[in-house]
Amino acid sequence: MVSELSSSKLYSHPNKLLEDHLLNVARISIHNLIASPVKNIYNYDKSTLHQLVKTCGLCHDIGKSTDYFQKYLFAEEKDKKKFKAMPETQHGLLSAVIAFYAVKTEFAEKEDLQSEEKAFLSFAAFWIVRKHHGNLEDVIDETAISDNDRAILEKQIETIDETRLFILNDKLQSAGLKQSLTKSIMLEWVSFIGDELKKLRRRFRKLEREKSISPYLLINYIFSLLIDADKSEVVLHDVPKRKPLTLKHTLVDEYKAKLDFEKSNLNNLREEAYREVVSQDLNLNERVYSINLPTGLGKTFTSFAFALKAREEIRDKKGYAPRIIYSLPFLSIIEQNAKEIENILRAGGFKVTTDLLLKHHHLSEIYYKQEENEFEKDEAKILIEGWNSEIIITTFVQLFHTLLSNKNRSLRKFHRLSGSIIILDEVQSIPFKYWLVVKETLKQLMEELDSYVVFVTATEPLIFDRKEVVSLVQREKYFSVLNRVTIKPQCRTALTIEEFAQNIDFEPDKNYLFILNTINSAKTFYKLLKTKIGEEDMVFLSTHIVPKERLDRIELMKSKRVKAAVTTQLVEAGVDIDFDVVYRDFAPLDSINQSAGRCNRNDTEQGEVIVVRLKDDRRQYSSYIYDNVLLDITGKILEKNDCIKEMDFLNIVNSYYKTMQERMANDKSKDLLNALYKMKYDSCDGTPSIRDFRLIEETYPKIDTFIEIDNVARQIWKEYLKIKEIVNLFERRLEFNQIKADFYKYVISVPATVDNIPPEVAGFRYVNFESLDDYYDSETGFRCEGVAPIW
């Protein structure tokens, strides 16, 4: 008999025994599954999912038991590259074959499952384990095993030490693995696996006929549990336990009371809307909620209070505390909303550490703290990217590319969507072409992963039919009593930028916001306007200004110390600025409505939004940016109205969205849905795949460029150069992550086609302080030379 104290002397990582890693990954995966409210996915109940997750965890790295891998693991640094390049060193496929048959044995005697259902589970384990270090691809491609694959698998198995395998097997069986592992059994499996997969391939070719997203959700969910546990175990050895926090919605009341808002009609309306939402009796069988209120009516406070109330009810009635995932379309408003939520929690007496409130986007600071424990950089990164927090504030890109993706890194946090309350703030930012696929995926997510969704917007799109959504406010009541702003179309005739600038008359006691469609038109207009009112009373804003300067200029606008601001669309959604008069270059109606939200927000006196059409010598600027059908729908609506009052916004926007549904094609969504049905995560034949989903489409090729505009930027660049000298790639990435947020405050994306592309230094385009004037204008940002007129 093998002593319980003996080890296999096989290693998964330096200083980590293979059996310890496998058992720990299985344990963490199971812990996360049990903590989730999921009861059934694709007709597999929780006990079945438990067995599947356990077996995947116990088998996922068994392929590391080969002599090839063990030699690679302990090789000298100079030899590692050679060993890593050998196909025999790879462990994914061998582990996958073992997982396939281990799951087959696991469910062999489970009488409540049909043979086809058992076969799918075996394949799920095979696929998930095979790809746990990579991205998911086409399910059909995963059913192919070549003669070369078989030959490599046989070579790998022959090198496994029998005694060590015996001890490893003993450890795994003690942990609940039903299947015994020997070299002879593995060799048998290698000879059979090709035929087994071929049978499944025939079935998978018919998947599209089922028209079900459930198989996709199941694969993503189990894949996510495994890869999250794997990464967490390697770095953290475990994951921090959630604290049983009571977060009452009255926290928001207490914070608001301390702010002591002055009495006004608008504040009274804000309070009325807030009370209406938080006093709602919830039916937890309803899944989709809406807070559709005019701009400036306190939707952040209201939606967060509702989420806290729903969290309380779900905890009391369902026995689990859902995470709150607060998602917004733009980085510029994430910081703003995160600060408000942090203030609410602090005012309620909470110590706001990262396990309570987490911001996650591509520029997030790599910092994680729980109580008094400040985690190391590599640990913090794992915890942040795994969404280990009660309240996660993130971008639409992070959220929707978790929901619809083939990428390992994105799918890792997929399981966190289960049992969560997802707030979609500024939901109108989701492009129409994705409405259908977003709707169908969210519906299935809510049903099978027990999640809830809250839409928050002033212009609610028809992603879901109105009768499928629980409206938390009588929206007509709030729109009908407001008269802060009037939209005045003056767009029957298109004007050049010069003609437009010449026609502007400024009233001395008003301030003005000009929102233009392209960076080039905004720059041209800004320069013309300067001659009228002087640069000291003006501010310019576009993505060609470094982010640090952008934030400073937004603060300047908020202070009302500027007479005129010229910007692109980046101020439209959620940026808390307020102007007396807004001029908007022609755009789709939802964009115009969002622009109106930057006008007379606080109801001081009647505001005006004037819509104009601007053109260059070839065409209207709007046609470079927006869909022609949306522009045509908007044009027809504006033609019928010389003046649109705020009280009419709701009906006009509803009419706009209905017409959009009638006239716009949803081919992109249908292609993606078919890819989901077929589990076609990636494509090598050019046909649509899940990988094609891009929430934000790149309109033109861009190159990131660091602009050294001040001494702080100079110091950050020096730190970057030091980091680039670090030889170890993992260490280099960790160090860069420490400065990443500050580094990107000085980075802009410039068109790749400009004639004046800055030089590349240490792998990054770089404009130093000495040559700043050659590339960067202190007022209007990067100087684009020799490119299309829109940039």
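Just so we're clear, the structure is a prediction, and the values are computed from it rather than from any experiment.

**Describing the overall build of the chain**
- Check the secondary structure of the chain and you find 31 helices and 26 strands.
- In terms of C-alpha radius of gyration, the chain reaches 29 Å, essentially the compact-globule figure of 28 Å for 791 residues.
- Expressed as lengths along the three principal axes of its C-alpha atoms, the size of the chain is roughly 95 × 60 × 50 Å.
- For the chain, the proportion of its 791 residues judged to be buried stands at 59%.
- Per element, the accessible surface of the chain, about 33100 Å² overall, is 47% carbon and sulfur.
- Here the chain holds 114 positive side-chain charges and 123 negative ones, and the gap between their average locations is 2 Å.

**Observations concerning the pattern of salt bridges**
- Enumeration according to the criterion identifies 56 salt bridges in this entry.
- For glutamate 271, the salt bridge is made with arginine 275, and the minimal N-O distance between the two is 2.8 Å. Pair noted here: glutamate 271 and arginine 275 are both in helix H13 (residues 265-278), with a separation of four residues, about one helical turn.
- Taking relative accessible area as the criterion, glutamate 271 reaches 29% and is therefore assigned partly exposed.
- In this structure, glutamate 390 and arginine 311 form a salt bridge, with 2.8 Å as the shortest nitrogen-oxygen distance. Of this pair, glutamate 390 sits in the loop between helix H16 (377-385) and strand E10 (391-395) while arginine 311 sits in helix H14 (residues 299-318), and the two are 79 residues apart along the sequence. Arginine 311 shares its class with glutamate 390; the two are buried.
- Through salt bridges with shared partners, a single network forms among Arg130, Lys131, Glu137 and Glu142.

**Notes on the sheet that holds strand E19 (residues 607-615)**
- Pairing within the open sheet is mixed, and its seven strands lie in the order E16-E17-E15-E18-E19-E14-E20. Single-partner strands in this sheet number two, and they are strand E16 (538-541) and strand E20 (644-645).
- In terms of strand pairing, strand E18 (residues 581-585) meets E19 through five bridges, oriented parallel. For aspartate 585, the partnering residue across the bridge sits in E19 and is valine 612.
- Along the sheet face, helix H24 (residues 589-596) touches strand E14 (485-496), strand E15 (512-515), E18 and E19 and points at about 160° away from the line of E18.

**Description of the packing of helix H11 (residues 214-236) against helix H19 (residues 435-449)**
- Following both chains from N to C, one finds H11 and H19 inclined at 65°, their axes separated by 10 Å at the closest point. You can see that H11 and H19 cross each other, and the crossing is right-handed. Contacts between H11 and H19 pair Ser214, Leu217 and Tyr221 from the former with Gln444, Leu445, Glu448 and Leu449 from the latter.
- Looking at the contact of H11 with H19, its residues break down into four nonpolar, two polar and one charged.

**So, the state of the cysteines**
- Inspection of every chain in the model, using the stated rule, returns zero disulfides.
- Sulfur of cysteine 599: no disulfide; nearest cysteine sulfur belongs to cysteine 643 and is 12 Å away.

**Brief notes about a negative patch on the surface**
- Judged by side-chain charge, Glu154, Glu158, Asp161 and Glu162 come together as a negatively charged surface patch.
- By the secondary structure assignment, glutamate 162 is in helix H8 (residues 162-174).
- The exposure class of glutamate 162 is exposed, given its relative accessible area of 51%.

**Describing the pairing of strand E24 (residues 764-767)**
- Pairing geometry for strand E21 (residues 702-707) and E24, over three bridges, is parallel. Paired with threonine 705 across the strands is arginine 765, a residue of E24.

**Considering unusual backbone geometry**
- Phi at histidine 237 takes a positive value of approximately 70°, unusual for a residue other than glycine.
- Relative to the helices and strands, histidine 237 is located in the loop between H11 and helix H12 (250-259).
- Overall, the relative accessible area of 46% leaves histidine 237 in the partly exposed class.
- A positive phi angle, close to 55°, is found at methionine 679, a residue other than glycine.
- On the secondary structure map, methionine 679 appears in the loop between helix H28 (667-678) and E21.
- Of the residues examined, methionine 679 reaches a relative accessible area of 0% and is grouped as buried.

**Considering the nonpolar core**
- Formed by 214 residues in total, the largest nonpolar core has its most connected members in Phe126, Ile222, Leu345, Phe400 and Leu424.
- In terms of residue count, H11 provides more of this core than any other element does, 13 residues in total.
- With residues up to four places along the chain from it excluded, the contact list for isoleucine 222 reads Leu49, Leu52, Val53, Cys56 and Ile128.

**Overview of the side chain of asparagine 517**
- By secondary structure assignment, the location of asparagine 517 is in the loop between E15 and helix H22 (519-533).
- Of the residues examined, asparagine 517 reaches a relative accessible area of 2% and is grouped as buried.
- At 2.8 Å, the side chain of asparagine 517 forms a polar contact with the backbone oxygen of phenylalanine 586.
- Apart from residues no more than four positions distant in its own chain, asparagine 517 is found in contact with Gln569, Arg584, Asp585, Phe586, Ala587, Tyr621, Ser622, Ile625 and Tyr626.

**What to know about the pairing of E19**
- Burial runs high along E19: seven of the nine residues are buried.
- With nine bridges joining them, E14 and E19 adopt parallel strand pairing. Residue pairing across strands places proline 489 opposite valine 611, the latter belonging to E19.
- Regarding the hand of the β-α-β motif, the stretch spanning E18, H24 and E19 is right-handed.

**A short note on the packing of aromatic side chains**
- All chains considered together, the criterion is met by 48 aromatic pairs.
- Ring centres of phenylalanine 706 and phenylalanine 743 lie 4.8 Å apart, and the angle between their planes is 35°; on these two criteria the pair is classed as tilted. Remark: phenylalanine 743 occurs in helix H30 (residues 729-743) and phenylalanine 706 occurs in strand E21; sequence separation between them is 37 residues. This pair shows no difference in class: phenylalanine 706 is buried, exactly as phenylalanine 743 is.
- Here the aromatic rings of tryptophan 717 and phenylalanine 743 are separated by 6.3 Å at their centres, their planes lie at 20°, and the arrangement is stacked. In this pair, tryptophan 717 is assigned in helix H29 (residues 711-724) and phenylalanine 743 in helix H30, connecting sequence segments 26 residues apart. With respect to burial, tryptophan 717 and phenylalanine 743 carry one shared label: buried.
- Here a set of aromatic residues connected by ring pairs shows up, and it is made of Tyr42, Tyr44, Phe100, Tyr101, Phe120, Phe123, Phe126, Trp127, Trp189, Phe204, Tyr216 and Tyr681.
- The ring of tyrosine 72 has lysine 80 lying over it, and the distance from NZ or CZ to the ring centre is 4.6 Å.
- One residue, arginine 619, lies across the ring of tyrosine 624, its end atom 4.2 Å from the ring centre.

**Some points on helix H23 (residues 547-558)**
- Compared with an ideal rise of 1.5 Å per residue, which puts 12 residues at 16 Å, H23 spans 17 Å between its outermost C-alpha atoms and is within 8% of the ideal.
- Buried within H23 are the following residues: Arg550, Arg553, Ile554 and Met557. For H23, the angular spread of the buried residues around the axis is 105°, confining them to a single face.
- Buried-residue contacts for H23 involve E16, strand E17 (564-567) and strand E22 (747-751).
- Once H23 ends, the next one or two residues include lysine 560, with phi positive near 65°.

What counts and how
Residues numbered from 1 in each chain as written. Predicted model: local features only at pLDDT ≥ 70, side-chain atom pairs only at ≥ 80, totals over all residues. Heavy atoms only, no water. Helix = DSSP H or I, 4+ residues; strand = E, 2+ residues; numbered from the N terminus. Rg over C-alpha atoms; globule rule 2.2 N^0.38 Å. Buried < 20%, exposed > 50% of the residue type's maximum accessible area, 1.4 Å probe, protein only. Areas by Shrake-Rupley, 256 points an atom, 1.4 Å probe, with all protein chains shown as cover. Lys, Arg positive; Asp, Glu negative; His and termini not counted. Charge placed at Lys NZ, Arg CZ, Asp CG, Glu CD. Salt bridge = Lys/Arg side-chain N within 4 Å of Asp/Glu carboxyl O. Pairing = 2+ DSSP bridges. Contact = heavy atoms within 4.5 Å. Axes fitted to C-alpha atoms, helices over the stretch in contact; angles between N-to-C directions. Left-handed = near helix turned anticlockwise from the far one by under 90°. Nonpolar A, V, L, I, M, F, W, Y, C, P; charged D, E, K, R; others polar. Disulfide = S-S within 2.5 Å. Patch = residues over 30% accessible without salt bridge, like charges linked within 9 Å, V, L, I, M, F, W, Y side chains within 5 Å. Core = buried A, V, L, I, M, F, W, Y, C linked by side-chain atoms within 4.5 Å. Polar contact = N/O pair within 3.5 Å; in protein donor to acceptor, adjacent residues only side chain to side chain. Right-handed = clockwise from strand over helix to strand, strands pointing away. Phe/Tyr/Trp six-rings, centres within 6.5 Å; stacked < 30°, edge-to-face > 60°. Lys NZ or Arg CZ within 6 Å of the ring centre and 35° of its normal. Expected span 1.5 Å × (residues − 1). Arc of directions from axis to C-beta.

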